[in-house]
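Coordinate analysis (summary)
Below, each chain spelled out in residue letters.
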There are 2 protein chains.
Amino acid sequence: MKKIYILLAEGFELIEALAPYDVFCRGGINVKSVSTTGDKTVSASNGVKVLSDQLISQTDFSDADVIYLPGGYPGYTNLAKNSEVGKIVKNQYESGKFVAAICGAPTVLKANRLAIGKTVTAHSSCAAEMKTEYNYTGKNIERDLNLLTAIGAGHSVNFAIEIAKIVAGDQAVEKIKKGMEL
Amino acid sequence: MKKIYILLAEGFELIEALAPYDVFCRGGINVKSVSTTGDKTVSASNGVKVLSDQLISQTDFSDADVIYLPGGYPGYTNLAKNSEVGKIVKNQYESGKFVAAICGAPTVLKANRLAIGKTVTAHSSCAAEMKTEYNYTGKNIERDLNLLTAIGAGHSVNFAIEIAKIVAGDQAVEKIKKGMEL
């Protein structure tokens, strides 16, 4: 069974974190939300409190097929300045395994000097920041080898379906789409 | 400020409840999630635990512009058999105010003998059940006066945007779409 970890920081974007959680579950993927704080309960940027599955300190990411970073303000800036998150994302990316980031979260790569020069997308408000060291396209979804990026919350479901397709295949996607009436 | 209540029962569909929560917040709408159980923490159908804003027993729905019912199994069946939910939805609908229901949740109307004969959509798995007493179309989104329905999780964001447009207008929708990169 494929495994995806969704990293939650205080101020994460609700749709960007939980729509993919739902989509991955529907695709038969083992998905875990991981609090990057010391508390299992994490607040979204709009104030909704969600109980994560586990704490970062209790998580061994070695079985991760994908590490998924939601955006949301100040969620993505909290991910970017968390050195533990940086280590985990760096290890995942440099092992050739998938890192996915949406909205403001591609800036977490930059903060950790990862994937410099690669082709990415990100929220338009981060375009100038990303363009200095990445090939920023502004497309809805981008893939550059094991780096998957998306532009923003409105594309969360499609991004999650694309990720599910890559790691779990067409049959998983069919199941997801059927249940969601897509 | 417009007000929307999202009713959460055990086993609610995560995207169908929380994507609209997020969209409504972005549109400057006062949105509250209401637990229909005695506990503020409610579990989604995929196991994610969410802290609702308030309990149904503590909520006065008289200022509701919209009462929104998410689907998800067994969430929608729990809504359908909750007599308190039935009273609230009946009062809202019969006052000519908006009731919105997605996926399996249009069956909550049937369980309460509401809006019989009206034009609705709902998840295809509920089509046969709905067709006996409603004009079931199977479209992604339907509106029949103050009754708004949607077919399933994959249309949660579009449904929420449509609801925001009706209650909060085009300017709210522009703000939502811009932030979400739609």
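Our structure's up above, just so we're on the same page.
This report concerns the structure included in the present document. (Residues numbered from 1 in each chain as written. Chains lettered and ligands numbered in written order. Predicted model: local features only at pLDDT ≥ 70, side-chain atom pairs only at ≥ 80, totals over all residues. Heavy atoms only, no water.)

Take the overall build of chain A next. Counting its secondary structure elements, chain A contains six helices and eleven strands. Computed over its C-alpha atoms, the radius of gyration of chain A comes to 15 Å, within 12% of the 16 Å expected for a compact globule of 182 residues. When each of the 182 residues of chain A is scored for burial, the buried share is 58%. Once local pairs closer than 6 in sequence are excluded, the contacts in chain A between residues at least 24 apart make up 63%. (Helix = DSSP H or I, 4+ residues; strand = E, 2+ residues; numbered from the N terminus. Rg over C-alpha atoms; globule rule 2.2 N^0.38 Å. Buried < 20%, exposed > 50% of the residue type's maximum accessible area, 1.4 Å probe, protein only. Contact = heavy atoms within 4.5 Å.)

Okay, the pattern of salt bridges next. Under the defined criterion, the tally for this structure stands at 14 salt bridges over all chains. Across the salt bridge formed by Asp63 of chain A and Lys3 of chain A, the nearest N and O atoms sit 3.3 Å from each other. Of this pair, Asp63 of chain A sits in the loop between strand E5 (54-55) and strand E6 (66-69) while Lys3 of chain A sits in strand E1 (residues 3-8), and the two are 60 residues apart along the sequence. The class for Asp63 of chain A is partly exposed, based on a relative accessible area of 37%. Overall, the relative accessible area of 14% leaves Lys3 of chain A in the buried class. Beyond isolated ion pairs, a larger network of salt bridges with shared partners links Glu13 of chain A together with Asp22 and Arg26 of chain B. (Salt bridge = Lys/Arg side-chain N within 4 Å of Asp/Glu carboxyl O.)

The next thing to look at is the relation of the copies chain B and chain A. Comparison of the two chain copies shows a relationship of rotation about an axis with a shift along it. The transform that puts chain B on chain A rotates by 180° and translates by 0.0 Å along the axis, for an RMSD of 0.0 Å. Taken together, the rotation and translation relating the two chain copies correspond to the operation of a two-fold axis. Nearest to the rotation axis, the C-alpha of Val50 of chain B is located 2.3 Å from it, this being the minimum over chain B. Interface residue correspondence from chain B to chain A reaches 100%, placing this contact among same-surface, isologous pairings. (Least-squares fit on C-alpha atoms with pLDDT ≥ 70 in both.)

Residues and elements named next belong to chain A. Applying the stated rule across the entire model yields eight aromatic pairs over all chains. Taking the centre distance of 4.9 Å and the plane angle of 65° together, the rings of Tyr5 and Phe61 count as edge-to-face. You can see Tyr5 sitting in strand E1 and its partner Phe61 sitting in the loop between E5 and E6, a full 56 residues away along the chain. For the pair formed by Tyr5 and Phe61, the shared burial category is buried. (Phe/Tyr/Trp six-rings, centres within 6.5 Å; stacked < 30°, edge-to-face > 60°.)

The next thing to look at is the environment of Ile141 of chain B. Residue and element names in this part refer to chain B. Mapped onto the fold, Ile141 is located in strand E10 (residues 141-144). Given the relative accessible area of 26%, Ile141 is considered partly exposed. With 15 residues separating them along the chain, Ile141 and Ser156 place their C-alpha atoms 9.7 Å apart. Ignoring any residue separated from it by four or fewer positions in sequence, one finds Ile141 in contact with Thr121, Thr149, Ala150, Asn158, Phe159 and Glu162.

Right, let's get into the sheet that holds strand E4 (residues 49-51) of chain B. Across the sheet, four strands lie side by side as E3(A)-E4(A)-E4(B)-E3(B); this open sheet has antiparallel pairing. Strand pairing shows two members of the sheet lacking a second neighbour, strand E3 (41-43) of chain A together with strand E3 (41-43) of chain B, which therefore form its edges. On average, each strand axis in the sheet is tilted by 30° relative to the strand beside it, whichever way the strands run. (Pairing = 2+ DSSP bridges. Axes fitted to C-alpha atoms, helices over the stretch in contact; angles between N-to-C directions.)

This brings us to the interface of chain B and chain A. If you look at the interface, chain B gives 28 residues, while chain A gives 28 residues. Among the residues chain B hides against chain A, the three largest losses belong to Ile15, Asp22 and Glu181 of chain B. Together they make up 25% of the total. Counting across the chain B and chain A interface gives two salt bridges. Residue Arg26 of chain A is joined to Glu13 of chain B by a salt bridge in which the shortest nitrogen-to-oxygen separation is 2.5 Å. Connecting chain B to chain A are 14 residue pairs in polar contact (both at pLDDT 80 or more). With nine residues, the top contributor of residues to the side of chain B that touches chain A is helix H1 (residues 14-26) of chain B. (Buried area = accessible area lost by both parts, 1.4 Å probe. Polar contact = N/O pair within 3.5 Å; in protein donor to acceptor, adjacent residues only side chain to side chain.)

Moving on: the side chain of Thr59 of chain A. Residue and element names in this part refer to chain A. Summarising the element assignment, Thr59 is placed in the loop between E5 and E6. The class of Thr59 is buried, set by a relative accessible area of 12%. Within polar-contact distance, the side chain of Thr59 engages the side chain of Gln54 at 3.0 Å. A distance of 2.7 Å separates the side chain of Thr59 from the backbone oxygen of Leu55, its partner in a polar contact. Setting aside residues no more than four positions away along its own chain, Thr59 makes contact with Tyr5, Val34 and Gln54.

One finds Ile163 of chain A together with Ile163 of chain B to be the most contacted residues of the largest nonpolar core, which totals 74 residues. The element contributing the most residues to this core is helix H6 (residues 156-180) of chain A, with ten residues. The contacts of Ile163 of chain B, once residues within four sequence positions are left out, are Ile4, Phe24, Val66, Tyr68, Ala100 and Leu148 of chain B. (Core = buried A, V, L, I, M, F, W, Y, C linked by side-chain atoms within 4.5 Å.)

With that settled, consider the packing of helix H1 (residues 14-26) of chain A against H6 of chain A. Residues and elements named next belong to chain A. Put simply, H1 and H6 touch, their axes get as near as 8 Å, and they point 50° apart. In terms of axis orientation, H1 runs oblique to H6. Of the two elements, H1 crosses H6, and the hand of that crossing is left-handed. Within the contact between the two elements, H1 uses Ile15, Glu16, Ala19, Pro20, Val23, Phe24 and Arg26 and H6 uses Ser156, Val157, Ala160, Ile161, Ile163, Ala164, Lys175, Ile176, Gly179 and Met180. Class assignment of the residues belonging to the contact of H1 with H6 gives a composition of twelve nonpolar, two polar and three charged. (Parallel < 35°, antiparallel > 145°, perpendicular 65-115°, else oblique. Left-handed = near helix turned anticlockwise from the far one by under 90°. Nonpolar A, V, L, I, M, F, W, Y, C, P; charged D, E, K, R; others polar.)

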